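Notes for the structure review
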Amino acid sequence: MSTDLKSATKLAVPGRGGRRKLTYPWILLIIAVGLVAVSALRAVTGAGDLTSTGQFGAALSAAVPIGLAGLGGLWSERAGVVNIGLEGMMMLGSFAAGWVGWQHGPWAAAAAGILGGALGGLIHAVATVTFGVDHIVSGVAVNILALGATQYLATLWFGQEGSAAMAAGGNDKQSPPMPDMPTFTVPGLSDWLNSLEGHHWFLVSDVAGILGAAVTNVSWLTLLTIGLFIGTFYALWRSSFGLRLRSCGEAPISAETLGVNVYSYKYAAVVVSGALAGLGGAFLSIGVHFYQDGQTGGRGYIGLATMIFGNWRPGGVAMGAGLFGFMDAMQLRSGGPTVHALLLGLAALLAVLALLRLRAAKRAQAAVSAVAAAVLIGWYFLADTVPLELVEASPYIATLLVLALFSQRLRPPKANGRPYRRGQGA
C-alpha cells in the first residue's frame, strides 16, 4: 500500500520534478556566505550586538515559541486542515502552564501547556473534520474562544478575593509566579567562546558569539524543541505513518481508496498541531515565570507565516523562526542602532536581488529593487537611528517582506483547506 500511496501523492504534486534540490554543500555555502556578510556588516556599521552571544541567546529563546507554532501549523496543514487557530491554542497552553506551574513547577507547566493546546486542536478538529465547518471560520472561532476563556478563568482562578492564588501574587491579569526552569551551560567551551568574542576579530569573534548562544544558559525546553523538529522530519518524511498523513493533505480521496482512515489521520494531525502550539505558549509562561494576559502577542500568526515561508517543511520553518526570533530579540535588546545597521544590510540584499532580476530580464522588478536599495542607503547615511515605533514593528515588517519575496516559490499541500467527506471517491 505504501508504494501506491507514493504514486498517488506524486500524481497530486505537479511540477515537482523540475525543481532543483537544495543539497547539503549548497546549504553549507549559503550559511558561510551569510556569516561573512553579517560579519562585514558588523565591522562596517560598528553594531557589535549584531553577532553577540546575548543577541543570539535572546533570538534563540524568541524563536522557540514561534517555531513550535509553525511546526504545529505544518502538522495540521500537511494533513489538509488549515489552522489559523494557532494563536488561540498558544493562549490555552500559556494559561494552562501558568495555572499548573505555580503549584507544581515548570515541568508540570510544560505538560499542562501541551494538554491545553491539544484541547484547542481537538475543538478545531471536531469543527472542521467531523462537522465540515470552514477551516478559516473555525480557526477564528478558536482564537476568540481562547481569548475569552483565558480572561474569564484568570479572573476566576487568579484574581478571586481571598484565594490562595491571589495570596501567592496572582491577579485577574496574571498567575502567581512559578519556579525557574533549569538551564544548561557547557563548562569550559562557553568561557572560551566568550573570550574569543571579546577580541572582536572579523568572522572569528562573530562565529564565537553565535556559537556561544548555543552553549550558554540554554533552556531544556529549547533542546526539546530541536528534538521535536528532528522527530517531525523523520515522522512525516521517513515513516509509513507520515506518508499516509501527507497523502490526506495531497489526495485524500485516493488515500481513502487505498485503505487510509483519513478522518483519523486528520484528527491526529490537528491535535498534535494544537499540542505543539500549546507547548510554545507554555514556553512563554515558563520563561517569565507566570501567565500574563496578552502574553502570546501574535506569535501564533507569525508561526503561521514561518510555516508558509518554510514551504511546509521542518527545516524551512526552523529558518523562518530563527529569522523572526532574531528580529524580535533585536527590537527588545538593542533597538534603534542595530535596526539602523540592518538598513545597510537590507540595501545590499536588494541590490543583489536587482542584479539577479536584471540578469533574468525582469527589468521592472530590478528597477523596483534598485530604487528601494537606494532609498535605504540614503536613509542609513542621513539618520543615526530609526524611530522607536519602527523598531517595535520590525518583526512584523520582516514577516511581510519575507512572504512577499518568497510567495512565488511556495507550494502548499494540494488538498489543504478543501472539504472532505468519507465516501467521496465511491
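What you see is a predicted model; the values in this text were computed from it and never measured.

Quick look at the overall build of the protein now. Helix and strand counts for the protein come out as 18 helices and two strands. A compact globule built from 426 residues would reach a C-alpha radius of gyration of about 22 Å, and the protein, at 23 Å, matches this within 12%. Its C-alpha atoms give the protein principal-axis dimensions of about 65 × 65 × 40 Å. Expressed as a percentage of its 426 residues, the buried residues of the protein come to 47%. Taking as baseline every contact in the protein between residues at least 6 positions apart, the subset at least 24 positions apart corresponds to 79%. Only carbon and sulfur atoms are counted for the fraction: they give 68% of the accessible area of the protein, which is about 20,400 Å². Here the protein contributes 26 positively and 18 negatively charged side chains, and the mean placements of these two sets differ by 21 Å.

Let's shift gears to the environment of Phe 229. Here Phe 229 lies in helix α10 (residues 220-237). Between the alpha carbons of Phe 229 and Leu 115 there is a distance of 19 Å; along the sequence they are 114 residues apart. With near-sequence residues (within four places) excluded, Phe 229 lies in contact with Gly 67, Leu 71, Pro 314, Val 317 and Ala 318.

On the surface, a cluster of nonpolar side chains totalling about 620 Å² of accessible area is made up of Trp 107, Trp 220, Leu 223, Ile 226, Ile 230 and Tyr 234. For the nonpolar patch, the element with the most residues is α10, which contributes five residues.

Not every positive phi belongs to a glycine, and Leu 203 is a case in point at roughly 65 degrees. Of note, Leu 203 is situated in the loop between α8 (189-198) and α9 (204-213). Overall, the relative accessible area of 27% leaves Leu 203 in the partly exposed class. Its identity is not glycine, yet Trp 312 carries a phi of approximately 60 degrees, on the positive side. Structurally, Trp 312 can be placed in the loop between α14 (299-309) and α15 (314-333).

Criteria and thresholds
- Residues numbered from 1 in each chain as written.
- Predicted model: local features only at pLDDT ≥ 70, side-chain atom pairs only at ≥ 80, totals over all residues.
- Heavy atoms only, no water.
- Helix = DSSP H or I, 4+ residues; strand = E, 2+ residues; numbered from the N terminus.
- Rg over C-alpha atoms; globule rule 2.2 N^0.38 Å.
- Buried < 20%, exposed > 50% of the residue type's maximum accessible area, 1.4 Å probe, protein only.
- Contact = heavy atoms within 4.5 Å.
- Areas by Shrake-Rupley, 256 points an atom, 1.4 Å probe, with all protein chains shown as cover.
- Lys, Arg positive; Asp, Glu negative; His and termini not counted.
- Charge placed at Lys NZ, Arg CZ, Asp CG, Glu CD.
- Patch = residues over 30% accessible without salt bridge, like charges linked within 9 Å, V, L, I, M, F, W, Y side chains within 5 Å.
- Salt bridge = Lys/Arg side-chain N within 4 Å of Asp/Glu carboxyl O.

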